[in-house]
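# Descriptive analysis of the structure
Here's the letter readout for the chains.
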Amino acid sequence: MAAAPGAAAQHPPLEGAARTWGTIALSAATFMNVLDTSIANVSLPAIAGDLGVSPNQGTWVITSFAVANAVSVPLTGWLAQRIGQVRLFVGSVILFVIASWLCGLAPSMGLLIAARALQGFVAGPMIPLSQTLLLASYPPALAGLAMALWAMTTLVAPVLGPLLGGWITDNISWPWIFYINVPVGLVAAASAWAIYHRRESVTRQLPIDKVGLALLVVWIGALQMMLDLGKEHDWFHSPLIVALAIVAAVGFAYFLLWELTEDHPVVDLRLFARRNFWAGTLSVSVAYGLFFGNVVLLPLWLQQFMGYTATDAGMIMAPVGLLALVLSPFVGKTVAKVDPRRYATFAFIVFALVLWMRSRFATTADFGTLMVPTIVQGVAMAFFFIPLTTITLSGLPPERIAAASGLTNFVRITAGALGTSIFTTSWESRSALHHAQLAEAVNAGNPAVEAALAGLQAQGLTAQQALAQVNRLADQQAFTMAATDLFWLSALFFLVLIPLVWLSRPQPMGAPGDAAAGAH
């Protein structure tokens, strides 16, 4: 992926009101983008029910957005050089508004998935370019503050996303979770154009790596379809799943070979020769996959098996950003003075603690018990994105930062989509195992079962209805045990990631001499 020319190299930083309003315009667009990765999570059961599919099939609403978004992110550098950073950013925001409107109008799951894929594709350049334009708006001495302001926006959206999505779903209707993007996007696009159109980057004509792009679409699409369809087709007992796995593996192998030998690759894989880049990218991507898989799993469990409404599930999820908002400015101001590896390590330890607390959940857990880990998780969020972004981009010359930002976002978004599929699939398979084990205990010779059935029949239920009620309780218990299994395993993975962070050797962005150090 070719690096987009840095606006900072051509224009002085903004000052006063222009910088404030520029920050707000870029943040509003980023907010809208990130909001759409979480706002649909608590609405999945309602969307699936309204469109006549299962909640697990409804996860395609999330993964289609993420996969299309991941495919388009690597094109950011090339497109920015062809048409300019500002024009590309504003155009992406306007197209995102149109795609959001189409999502709300979708009458079937197939059309909703198509509209979400379009929405994800046009959203690709928004996050990398918002980072690039924001950094160009501030002097180098305030780069940490700029990143903190940007990170706060990405943290507010997950706070409001589930809460807003739940309230809209329960009180209006789910299409409005997409319609609300229209006014926000139009204002953000108009404001960004008014402030930044005179700061357009230099454009030049570069060839597009058509083969690399085609291979990228093929292997990511095949991999995601394999993960999403596997549970419905009995995995590798199905010729379809085997074929998708082969296409994904072969496509990925050819993609690597092609991109490493192409003069103008769609993805600059040579960045992975730098130690800081590959260690930081791998850390943030695996962590984000774990985080996002849990973010999808928790509201599904709450609504399907704990009796929570979409609004209540949103209230459980929302406090994740409260402490993050308080602590992010501190992290942004001090990350240049403190080893970012220490901050990232602290974040992973807190994530592990939060998920260990969730692994102790039971079907009797009350609202307060469920809320506490979410509040604590805000601490981890504050110390997560900024330090790992600093590590990933450290030592890079300014002209490569746009390419590096786009590539690391591509890997992170792909990991989020894979995390969603892996978690929902694993949840079903583990629940089936637990249900089978619980069912062994439900037999005529078990006194507890006989007492429960007798009690239910005494309340007026028939024998068949009493058995159905016992089965429902077994389902609830099985899916709860499966969820806590995944929470515990996620906690362990976060601890395993800590040594990976310490393989990096952070340097200031643009520091000389990283080419040698980073390649070790």
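Nothing here was measured: the structure is a model prediction, and the numbers come from that model.

### Some remarks on the overall build of the chain
Looking only at helices and strands, the chain has 23 helices and zero strands in total. Computed over the C-alpha atoms, the radius of gyration of the chain is 24 Å, within 12% of the 24 Å expected from 2.2 N^0.38 for a compact globule of 520 residues. Along the first, second and third principal axes, the C-alpha atoms of the chain reach 80 × 50 × 45 Å. Burial statistics for the chain: of 520 residues in total, 55% are counted as buried. Considering only residue pairs separated by 6 or more positions, the chain has 85% of its internal contacts joining residues 24 or more positions apart. Of the charged side chains in the chain, 23 are positive and 23 negative; the average position of the first set lies 14 Å away from that of the second.

### Details of the packing of helix α17 (residues 340-358) against helix α19 (residues 385-393)
Where α17 contacts α19, the two axes come as close as 8 Å, and the packing angle between them is 135°. Accordingly, the angle class assigned to the pair α17 and α19 is oblique. Crossing geometry of α17 relative to α19 is assigned as left-handed. Residues Pro340, Arg341, Tyr343, Ala344 and Phe348 of α17 lie in contact with α19, whose contacting residues are Pro387, Leu388, Thr390 and Ile391. A per-class count over the contact of α17 with α19 returns seven nonpolar, one polar and one charged.

### Digging into the nonpolar core
Phe89, Leu112, Phe348 and Trp427 are the most contacted members of the largest nonpolar core, which has 109 residues in total. Ranked by residue count, the leading element in this core is helix α14 (residues 275-305), at 14 residues. Val73, Leu216, Ile220 and Phe410 belong to the second largest nonpolar core, which has 24 residues in total.

### A word on the packing of aromatic side chains
Following the criterion strictly, the structure yields 22 aromatic pairs and no others. Residues Phe348 and Phe494 carry aromatic rings whose centres are separated by 5.7 Å and whose planes lie at 50° to one another, so their mutual orientation is tilted. Residue Phe348 is located in helix α17, and its partner Phe494 is located in helix α22 (residues 463-501); the two are separated by 146 residues in the primary sequence. Take Phe348: its relative accessible area is 0%, and that puts it in the buried class. Phe494 gets classed as buried once you look at its relative accessible area, which sits at 0%. An aromatic cluster is defined as three or more aromatic residues linked by ring pairs; in this entry it consists of Tyr288, Phe291, Phe292, Phe348, Phe351, Phe384, Phe385 and Phe494. Its end group placed over the ring of Tyr288, Arg412 keeps NZ or CZ at 4.7 Å from the ring centre.

### Details of the environment of Ile94
Residue placement: Ile94 occurs in helix α6 (residues 85-105). With 262 residues separating them in the primary sequence, Ile94 and Trp356 have C-alpha atoms 42 Å apart.

### Focus on the pattern of salt bridges
Within the structure shown, the criterion is met by two salt bridges. Asp339 serves as the salt-bridge partner of Arg341, at 2.8 Å between the closest nitrogen and oxygen. On the basis of relative accessible area, Arg341 is assigned to the buried category, the value being 13%. Asp339 sits in the partly exposed class, given a relative accessible area of 22%. Residue Asp485 is joined to Arg430 by a salt bridge in which the shortest nitrogen-to-oxygen separation is 2.8 Å.

### Quick look at a nonpolar patch on the surface
Taken together, the side chains of Ile94, Leu95, Ile98, Trp101, Leu102, Leu105 and Leu118 make up a nonpolar region of the molecular surface, amounting to roughly 610 Å² of accessible area. Ranked by residue count, the leading element in the nonpolar patch is α6, at six residues. Along the chain, Ile98 falls in helix α6. The partly exposed category is assigned to Ile98, whose relative accessible area is 41%.

### Some thoughts on the packing of helix α5 (residues 76-83) against α6
Viewed as axis vectors pointing N to C, α5 and α6 meet at an angle of 115°, and their least axial separation amounts to 7 Å. Residue-level contacts link Thr76, Leu79, Ala80 and Ile83 of α5 to Gln85, Arg87 and Leu88 of α6. Partitioned by chemical class, the residues of the contact of α5 with α6 number four nonpolar, two polar and one charged.

### Describing the environment of Val284
For Val284, the location among the structural elements is in helix α14. Sequence separation between Val284 and Arg412 is 128 residues, and the spatial gap between their C-alpha atoms is 6.7 Å. The residues contacting Val284, other than those within four sequence positions of it, are Phe384, Leu388, Thr408 and Arg412.

### Topic: the confidence of the model for the chain
Here the chain averages 83 in pLDDT, while 93% of its residues score no lower than 70. Taken element by element, the predicted model of the chain shows its lowest mean pLDDT in helix α23 (residues 514-517) (37) and its highest in α17 (95). pLDDT under 50 marks residues 1-9. Its contacts with residues more than four places away, or in other chains, come to 35 contacts.

### Points about the environment of Leu302
The topology assignment puts Leu302 in helix α14. On the basis of relative accessible area, Leu302 is assigned to the buried category, the value being 0%. When sequence neighbours within four positions are dropped, the list of residues in contact with Leu302 reads Gly307, Tyr308, Ala313, Ile316 and Leu370.

Each value, and the rule that gives it
- Residues numbered from 1 in each chain as written.
- Predicted model: local features only at pLDDT ≥ 70, side-chain atom pairs only at ≥ 80, totals over all residues.
- Heavy atoms only, no water.
- Helix = DSSP H or I, 4+ residues; strand = E, 2+ residues; numbered from the N terminus.
- Rg over C-alpha atoms; globule rule 2.2 N^0.38 Å.
- Buried < 20%, exposed > 50% of the residue type's maximum accessible area, 1.4 Å probe, protein only.
- Contact = heavy atoms within 4.5 Å.
- Lys, Arg positive; Asp, Glu negative; His and termini not counted.
- Charge placed at Lys NZ, Arg CZ, Asp CG, Glu CD.
- Axes fitted to C-alpha atoms, helices over the stretch in contact; angles between N-to-C directions.
- Parallel < 35°, antiparallel > 145°, perpendicular 65-115°, else oblique.
- Left-handed = near helix turned anticlockwise from the far one by under 90°.
- Nonpolar A, V, L, I, M, F, W, Y, C, P; charged D, E, K, R; others polar.
- Core = buried A, V, L, I, M, F, W, Y, C linked by side-chain atoms within 4.5 Å.
- Phe/Tyr/Trp six-rings, centres within 6.5 Å; stacked < 30°, edge-to-face > 60°.
- Lys NZ or Arg CZ within 6 Å of the ring centre and 35° of its normal.
- Salt bridge = Lys/Arg side-chain N within 4 Å of Asp/Glu carboxyl O.
- Patch = residues over 30% accessible without salt bridge, like charges linked within 9 Å, V, L, I, M, F, W, Y side chains within 5 Å.
- Areas by Shrake-Rupley, 256 points an atom, 1.4 Å probe, with all protein chains shown as cover.
- pLDDT = per-residue confidence, 0-100.

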